[in-house]
Amino acid sequence: MSLIVAKFGGTSVGTIDRINSVAKRIKNEVKNGYNVIVVVSAMAGETNRLIKLVQSLTNNCRSSEYDTVVSSGEQVTSGLVTIALNELGIKSKSYQGWQIPFETDNNFSRANIKKIKKDKLLSEFKNGYKVIVVPGFQGVHENRITTLGRGGSDTSAVALAATFKAERCDIYTDVDGVYTADPRIVANALKLETITFEEMLELASQGAKVLQTRSVALAMNFNVKLQVLSSFEKKSGTFIINERQKSME
Ligand code: ASP
Ligand code: MG
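In this report, we go over the structure that sits alongside the text. (Residues numbered from 1 in each chain as written. Chains lettered and ligands numbered in written order. Predicted model: local features only at pLDDT ≥ 70, side-chain atom pairs only at ≥ 80, totals over all residues. Heavy atoms only, no water.)

**Overview of the packing of aromatic side chains**
A complete count under the given rule lists one aromatic pair for this structure. The ring of Phe 232 is capped by Arg 18, whose NZ or CZ atom sits 3.7 Å from the centre of that ring. A cation over a ring is seen here: Arg 168 above Tyr 34, with NZ or CZ 5.8 Å from the ring centre. (Phe/Tyr/Trp six-rings, centres within 6.5 Å; stacked < 30°, edge-to-face > 60°. Lys NZ or Arg CZ within 6 Å of the ring centre and 35° of its normal.)

Written out as structure tokens, the structure is:
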């Protein structure tokens, strides 16, 4: 089985139109012969809205109930994307973090990943499902929902790619790759074809928000083939590679 992981950020699933175009893209990957684990963020703005709801009741944003609330945005998009895929004739099913299970510690609101169980998803693929849609950001600790911290869907995607030894982990976003500066702010920023994990970590430490820092470190440790690309355009993005590959170029 050839498997890829494809993660779509908040703006990429921000409207029903966007969700339909995400489904078409995934359908293409299935047509190319891939099984796909799709990882989705909440619709743009939704997580902020949910956090504000919690904050209107309490100052405690590190609790299990905080995670119960803020994880719900991803549950919605996982269902919507799955529905759109099935309407296109692609046999798909969603799996919430607790259903996999995607196990973490009990550090609510910024949990660390412990172990991802593979058997259920693998047997779904064996049963003919082409796509499993997983909400990013979500985990479970002893039957309680956890979340992985802001931007955590990137880390969900990389962890799934590492666990399932995916051929590639594509991170779809609203920019078409990694730039020398933020292209939304600096007009003459240049797009990079490749960047090393080390350079990417450095960018992240300077505040660049392309990928959650933890996801870059995880991809580096597990040698995950990582690509950042746009869900709005059909061109290749930036590959994040290790130093050794760079010197072989
Ligand atoms: N929805 C969560 C956030 O906005 C996680 C993610 O999108 O990566 O932080
Ligand atoms: Mg993000």
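**Brief notes about a negative patch on the surface**
A cluster of acidic side chains, namely Glu 198, Glu 199, Glu 202 and Glu 243, defines a negative patch on the protein surface. For the negative patch, the element with the highest residue contribution is helix α7 (residues 197-205), accounting for three residues. As for its position among the elements, Glu 243 is in helix α9 (residues 243-248). (Patch = residues over 30% accessible without salt bridge, like charges linked within 9 Å, V, L, I, M, F, W, Y side chains within 5 Å. Areas by Shrake-Rupley, 256 points an atom, 1.4 Å probe, with all protein chains shown as cover. Salt bridge = Lys/Arg side-chain N within 4 Å of Asp/Glu carboxyl O. Lys, Arg positive; Asp, Glu negative; His and termini not counted. Charge placed at Lys NZ, Arg CZ, Asp CG, Glu CD. Helix = DSSP H or I, 4+ residues; strand = E, 2+ residues; numbered from the N terminus.)

**Description of the sheet that holds strand β6 (residues 131-135)**
Here we have eight strands laid out as an open sheet, ordered β3-β6-β2-β1-β9-β11-β12-β10, and mixed in their pairing. Each edge of the open sheet carries a strand with a single partner, namely β3 (92-94) and β10 (194-196). Neighbouring strand axes in the sheet, compared pairwise and without regard to direction, differ in orientation by 20° on average. Examined bridge by bridge, strand β1 (residues 3-8) and strand β9 (residues 168-173) share five bridges and lie parallel to one another. Bridge assignment links Ala 6 to a residue of β9, and that residue is Asp 170. (Pairing = 2+ DSSP bridges. Axes fitted to C-alpha atoms, helices over the stretch in contact; angles between N-to-C directions.)

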